[in-house]
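Residue-level structural notes
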Amino acid sequence: ETGVTQTPRHLVMGMTNKKSLKCEQHLGHNAMYWYKQSAKKPLELMFVYNFKEQTENNSVPSRFSPECPNSSHLFLHLHTLQPEDSALYLCASSQALAGGPNTGELFFGEGSRLTVL
Amino acid sequence: QKEVEQDPGPLSVPEGAIVSLNCTYSNSAFQYFMWYRQYSRKGPELLMYTYSSGNKEDGRFTAQVDKSSKYISLFIRDSQPSDSATYLCAMKLQGAQKLVFGQGTRLTINP
């Protein structure tokens, strides 16, 4: 497999369910990201991990819980979600910055389309 | 005021037309400017990037940055139906990791 792979591609869950989104990157990158994409809104950065350490939490509600066991895998654990959390959740990876110049190119997965009933 | 403003469209043009997509931004410290293309049911992919001001050309695509006006553009010449997608502008500060995205413009090229 190549690139960034996300599973599942589609998920329907009730507000009381617990589910997880999975992301795996095969690019040798050391930074991974979760973004939320809603209709008519810009991409919203949720979490950033550099070398498995969380370096950014963009004021995300605690019902979203990320996990990064290694530089190639990223999870987003979901519990007690609300209908307004329905969106496309995109995982991305890049080379982490070390204070130097970087184009910031993100490589995205195809996303997990989440519907909360 | 949003950091990055982008008209969401939709924009529909005939095949062969020249397409102009634009974004404005408020933070004059942005140094890297990018355009991502997102096909339906796919993730965004980097199309072009530009550092600071100026133009960059790649085939039928030209990216322009006007830092004095805080305005960036993407031109598509001889547009093709395969160019139909959502185009997202993005930008970031030098040395920063976080990209700030525009809303995206949905473009349709009609055969």
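Here goes a summary of the coordinates provided. (Residues numbered from 1 in each chain as written. Chains lettered and ligands numbered in written order. Predicted model: local features only at pLDDT ≥ 70, side-chain atom pairs only at ≥ 80, totals over all residues. Heavy atoms only, no water.)

A few points about the pattern of salt bridges
This model, assessed by the stated rule, comprises six salt bridges over all chains. In this structure, A:Glu110 engages A:Arg9 in a salt bridge whose closest nitrogen and oxygen atoms are separated by 2.7 Å. Note that A:Glu110 is positioned in the loop between strand 10 (107-108) and strand 11 (112-116) and A:Arg9 in the loop between strand 1 (4-7) and strand 2 (10-13), a separation of 101 residues in sequence. Note that B:Asp83 and B:Arg60 form a salt bridge whose closest N and O atoms lie 2.8 Å from each other. Of the two residues, B:Asp83 is situated in the loop between strand 8 (71-76) and strand 9 (85-93) and B:Arg60 in the loop between strand 6 (54-58) and strand 7 (61-66); the sequence distance between them amounts to 23 residues. Since its relative accessible area comes to 25%, B:Arg60 is described here as partly exposed. (Salt bridge = Lys/Arg side-chain N within 4 Å of Asp/Glu carboxyl O. Helix = DSSP H or I, 4+ residues; strand = E, 2+ residues; numbered from the N terminus. Buried < 20%, exposed > 50% of the residue type's maximum accessible area, 1.4 Å probe, protein only.)

Quick notes on the sheet that holds strand 1 (residues 4-6) of chain B
Picture the strands of a sheet paired through backbone hydrogen bonds; they go either parallel or antiparallel. Residues and elements named next belong to chain B. Spatially, 1-3-8-7-6 is the arrangement adopted by the five strands of the open sheet, whose pairing is antiparallel. Of all the strands in the sheet, just strand 1 and strand 6 have a single pairing partner and so form its edges. Strand-to-strand, the axes of this sheet are offset by a mean angle of 15°, without reference to chain direction. In terms of strand pairing, strand 3 (residues 19-25) meets strand 8 through six bridges, oriented antiparallel. Bridged to Thr 24 within strand 8 is Tyr 71. (Pairing = 2+ DSSP bridges. Axes fitted to C-alpha atoms, helices over the stretch in contact; angles between N-to-C directions.)

Regarding the layout of surface pockets
Size it by volume and the largest pocket reaches roughly 730 Å³. Secondary structure elements with two or more residues in the lining of the largest pocket: strand 9 (87-94) of chain A together with strand 9 and strand 11 (105-110) of chain B. For the lining of the largest pocket, the element with the most residues is strand 11 of chain B, which contributes four residues. Looking at the lining of the largest pocket residue by residue, the class counts come to nine nonpolar, 12 polar and six charged. Lining the second largest pocket are 20 residues, and of these A:Pro42, A:Leu43, A:Glu44, A:Leu45 and A:Asn58 sit closest to its centre. If you list the elements that add at least two residues to the lining of the second largest pocket, you get strand 5 (44-50) of chain A together with strand 10 (100-101) of chain B. It is strand 5 of chain A that contributes the most residues to the lining of the second largest pocket, three residues altogether. (1 Å grid on protein atoms, 1.4 Å probe; cavity = no way out; pocket = protein on both sides within 12 Å on 5 of 7 lines; lining within 4 Å. Points joined across faces, edges and corners; volume = space filled by probe spheres on them. Nonpolar A, V, L, I, M, F, W, Y, C, P; charged D, E, K, R; others polar.)

A word on the state of the cysteines
Applying the stated criterion across every chain, the model contains two disulfides over all chains. A sulfur-sulfur distance of 2.0 Å marks the disulfide that ties B:Cys23 to B:Cys89. On the S-S bond that ties B:Cys23 to B:Cys89, the torsion sits near -105°, and the link is left-handed. Note that B:Cys23 is positioned in strand 3 and B:Cys89 in strand 9, a separation of 66 residues in sequence. Overall, B:Cys89 belongs to the buried group, its relative accessible area being 0%. You can see A:Cys68 has no disulfide; the closest cysteine sulfur is in A:Cys91, sitting 9.0 Å from it. (Disulfide = S-S within 2.5 Å.)

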